[in-house]
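Here's the letter readout for the chains.
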Amino acid sequence: MSAPPAGSASPAPARRRRFLPIVLATVLVLVLAAVGLAVVRPGPVGEWLGDEPSAPQAAARQPEPAPVAVLAAADPNAPLPTAQGVRAALGPLVGVPALGDRVNVSVVDVATGQSLYGRGEDAGTVPASVTKLVTAVTVLAARGSGYRIPTRAVAGATPGEVVIVGGGDPTLAVDKKGFYPGAARLDDLAGQVKKALGGTKPTKVVVDSTLYSGPVHEPGWDSDIPDGGYGGAVTALMVDGARSDVPQAKKDHEDGNHAADRVSQPDLAAGRSFARLLGVPADAVTKGKAPAAGAGATAGAPGTELGVVSSLPMVRLVDIMISDSDNLVAEALARQVALARDEPASFAGGGKAMDAVVAELGLPADELSLADGSGLSRSNRISPSLLTDVLALAGDGTRPDLAAIFGALPVAAWSGTLTDRFEGPARVGAGLVRAKTGTLSRVHAIAGLVSTADGRLLSFAVLTDDAPPDGLTAARSALDRITATLTTCGCR
């Protein structure tokens with residue numbers, strides 16, 4: 001799986017890429033036009049602190065200027081770049097020392113599916129967070145864009161015992177002050193439970209998080225990930241993405257810092273919050289399994305449902321995952337793929353199920369090996385050409401449900417993980433590159449869409465997993481310059 005020597009880059013034969021550029025361009029323009037009218041940044045970013053419009057701070061805050069148009073509609077008559085032109089433009093940039101010796105690249109013309117530049121394009125490479133593009137497409141394919149994840153409460157084995165059954169919604173909130181705007185809420189569930197129980201007072205809460213199996217941390221994660229702010233224990237029940245201090249996490253998020261302290265046992269923490277809403281003491285919260293409801297069981301009998309709340313629709317969860325590179329949301333969505341394909345809801349089950357869905361979609365699953373859904377694992381391998389295939393399929397019009405990934409992709413120098421990118425020589429790409437990024441130590445990646453100077457729409461993926469240590473800034477700048485160059489080049 002090593003990359004070819006730097007001098008051997010050559011255009012690869014056209015692979016299966018069925019892309020309708022006008023369809024994709026229309027999707028992008030509509031999404032961005034809606035964003036320009038409704039919020040100051042694409043995706044959910046502007047809403048994190050804005051779900052209380054009556055707050056005094058909101059009235060005093062000055063609105064940001066309206067965003068400029070980005071990714072205007074592609075010109076279907078724009079001249080096609082040549083493979084020689086793209087190679088001449090990118091070759092010197094791909095070979096810079098900041099990216100190391102293992103840089104794998106795929107650039108494709110989306111109108112024709114023609115490969116314009118390939119360097120190790122079929123080689124499995126550690127992808128970091130660009131993994132989330134595969135997670136997004138597979139969960140939308142497996143669950144559908146409107147699917148909502150349930151969190152249920154059922155009657156326990158004895159009177160007064162309430163079992164909360166985690167369904168895998170990582171955005172579940174305690175109340176209206178939760179981290180994710182519009183999320184399902186435990187106070188709503190508690191209200192349903194109290195009504196269903198009538199005069200019976202809740203006395204005990206049992207937490208059933210058995211939907212998930214296997215380890216709560218993926219073995220391929222770096223040792224600092226579980227408690228480093230970007231990862232955490234993956235359990236079937238959690239609130240606010242397991243954040244321990246939601247008000248502080250909101251403030252940090254608005255400042256562009258997505259790291260947050262996480263509780264070590266998210267399911268028990270959520271159970272205790274639920275118990276508090278029911279008036280049950282924290283020491284009466286235990287872990288267990290919900291009893292099965294017997295045939296013809298009467299209301300309130302063991303296992304019968306006392307209430308249910310549902311997550312945001314899947315399309316919204318995908319938007320959150322991509323725009324803010326939310327790792328715990330990503331792991332939850334990977335498990336939804338597993339559940340939809342009757343695999344265990346675990347790291348291994350999610351990887352196996354996503355591989356199967358990729359194959360079902362007609363994509364080269366042999367160029368994919370996933371240990372998790374977030375990209376935190378160094379055991380993951382994805383080829384750049386598979387990523388450009390994923391982007392193509394999502395926009396070719398045959399699966400319109402998959403096009404949701406484009407509205408979530410960060411825009412260069414404007415939103416999400418690209419907000420503070422594309423500076424210096426890469427500034428020419430600001431507003432013109434829309435992409436998902438990925439970063440681990442010595443691993444740097446970017447994959448997305450770009451319009452050339454002539455208006456030709458290209459998909460691209462650039463991955464390196466052997467960059468110099470302590471070279472984060474230099475590697476990111478090098479990736480930005482590669483993609484920005486495509487915006488200024490007719491490459492003919």
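Note that the structure is a prediction, hence the values are computed from the model and not measured. (Residues numbered from 1 in each chain as written. Predicted model: local features only at pLDDT ≥ 70, side-chain atom pairs only at ≥ 80, totals over all residues. Heavy atoms only, no water.)

### Some words on the overall build of the protein
A count of helices and strands for the protein gives 13 helices and 12 strands. When each of the 492 residues of the protein is scored for burial, the buried share is 57%. Put simply, 74% of the contacts in the protein that link residues at least 6 apart link residues at least 24 apart. (Helix = DSSP H or I, 4+ residues; strand = E, 2+ residues; numbered from the N terminus. Buried < 20%, exposed > 50% of the residue type's maximum accessible area, 1.4 Å probe, protein only. Contact = heavy atoms within 4.5 Å.)

### Quick notes on the side chain of D326
Relative to the helices and strands, D326 is located in the loop between α8 (314-323) and α9 (327-340). Given the relative accessible area of 7%, D326 is considered buried. At 3.1 Å, the side chain of D326 and the backbone nitrogen of V329 are in polar contact. Aside from chain neighbours lying at most four places away, what touches D326 is K132, Y180, R243, I320 and M321. (Polar contact = N/O pair within 3.5 Å; in protein donor to acceptor, adjacent residues only side chain to side chain.)

### Topic: the packing of aromatic side chains
Applying the stated criterion across every chain, the model contains 2 aromatic pairs. Relative to Y180, the ring of F179 has its centre 5.0 Å away and its plane inclined at 80°; by these criteria the two rings are edge-to-face. For the pair F179 and Y180, a shared accessibility class is recorded, and that class is buried. For the ring pair W221 and F347, a centre distance of 5.6 Å and an interplane angle of 80° mean the geometry is edge-to-face. Note that W221 is positioned in the loop between β5 (204-208) and α6 (246-254) and F347 in helix α10 (residues 347-360), a separation of 126 residues in sequence. (Phe/Tyr/Trp six-rings, centres within 6.5 Å; stacked < 30°, edge-to-face > 60°.)

### What about the packing of helix α3 (residues 83-94) against helix α13 (residues 472-488)?
The interhelical angle for the contact between α3 and α13, taken along N-to-C directions, is 160°, at an axis separation of 9 Å. Relative to α13, α3 is oriented roughly antiparallel. Two packed elements cross with a definite hand, and for α3 against α13 that hand is right-handed. Packed against α3, whose contacting residues are V86, A89, L90, L93 and V94, the element α13 presents R481, I482, T485 and L486 at the interface. (Axes fitted to C-alpha atoms, helices over the stretch in contact; angles between N-to-C directions. Parallel < 35°, antiparallel > 145°, perpendicular 65-115°, else oblique. Left-handed = near helix turned anticlockwise from the far one by under 90°.)

### Brief notes about the environment of G95
As for its position among the elements, G95 is in the loop between α3 and β1 (103-109). Separated by 383 residues in the primary sequence, G95 and A478 have C-alpha atoms spaced 9.7 Å apart.

### Some thoughts on the state of the cysteines
Using the criterion set out here, one finds 1 disulfide in the structure. Each disulfide pairs two cysteine sulfurs, and for C489 the partner residue is C491, the sulfurs being separated by 1.5 Å. When its relative accessible area of 11% is taken as the criterion, C489 is described as buried. (Disulfide = S-S within 2.5 Å.)

### Brief notes about the nonpolar core
With 57 residues, the main nonpolar core has V318, L387 and I405 as its most contacted residues. If you tally residues by element for this core, the top one is helix α4 (residues 131-143), at 8 residues. In this structure, V318 is in contact with A136, V139, L140, L333, I405 and A408, ignoring residues within four places of it in sequence. If you look at the next biggest cluster of nonpolar residues, it comprises 30 residues, including V94, L99, A426 and A475. (Core = buried A, V, L, I, M, F, W, Y, C linked by side-chain atoms within 4.5 Å.)

### Overview of the pattern of salt bridges
Going through the model one piece at a time under the given rule, you end up with 17 salt bridges. With its nearest N and O atoms 3.1 Å apart, the salt bridge here joins R152 to E305. Of this pair, R152 sits in strand β3 (residues 150-155) while E305 is found in strand β7 (residues 305-310), placing the two residues 153 residues apart along the sequence. A salt bridge links D466 to R442, with the nearest nitrogen and oxygen atoms 3.1 Å apart. Pair noted here: D466 is in the loop between β12 (457-464) and α13 and R442 is in the loop between β10 (433-440) and β11 (443-451), with a separation of 24 residues, a long-range link. One network of salt bridges, with partners in common, ties together R185, D187 and D188. (Salt bridge = Lys/Arg side-chain N within 4 Å of Asp/Glu carboxyl O.)

### Structural notes on the sheet that holds β5
Judged by pairing direction, the sheet is mixed, and its 5 strands sit side by side in the order β6-β5-β4-β3-β7 without closing on themselves. Edge positions in the sheet fall to β6 (285-287) and β7, since each of these pairs with one other strand and no more. Ignoring strand direction, the axes of neighbouring strands in this sheet form an average angle of 20°. Relative to strand β4 (residues 161-165), β3 runs antiparallel, the two sharing 4 bridges. Residue pairing across strands places V154 opposite V163, the latter belonging to β4. Sheet strands touched by helix α5 (residues 186-197): β3, β4 and β7. Its angle to β7, the strand with the most contacts, is close to 160°. (Pairing = 2+ DSSP bridges.)

### Regarding unusual backbone geometry
Even without being a glycine, F422 presents a positive backbone phi close to 65°. Note on placement: F422 falls in the loop between α12 (404-408) and β10. Not every positive phi belongs to a glycine, and R442 is a case in point at roughly 70°.

### Brief notes about the sheet that holds β11
If you trace the 5 strands from one edge of the open sheet to the other, you get β2-β1-β12-β11-β10, paired in antiparallel fashion. Only two strands of the sheet have a single neighbouring strand rather than two, namely β2 (115-119) and β10. Each adjacent strand pair in this sheet contributes to an overall mean axis angle of 5°, direction not counted. By the bridge criterion, 8 bridges tie β10 to β11 in an arrangement that is antiparallel. The residue bridging L440 from the neighbouring strand is V443, located in β11. On top of the sheet, helix α11 (residues 384-395) reaches β1, β11 and β12; it is set at about 145° to β12, its chief contact.

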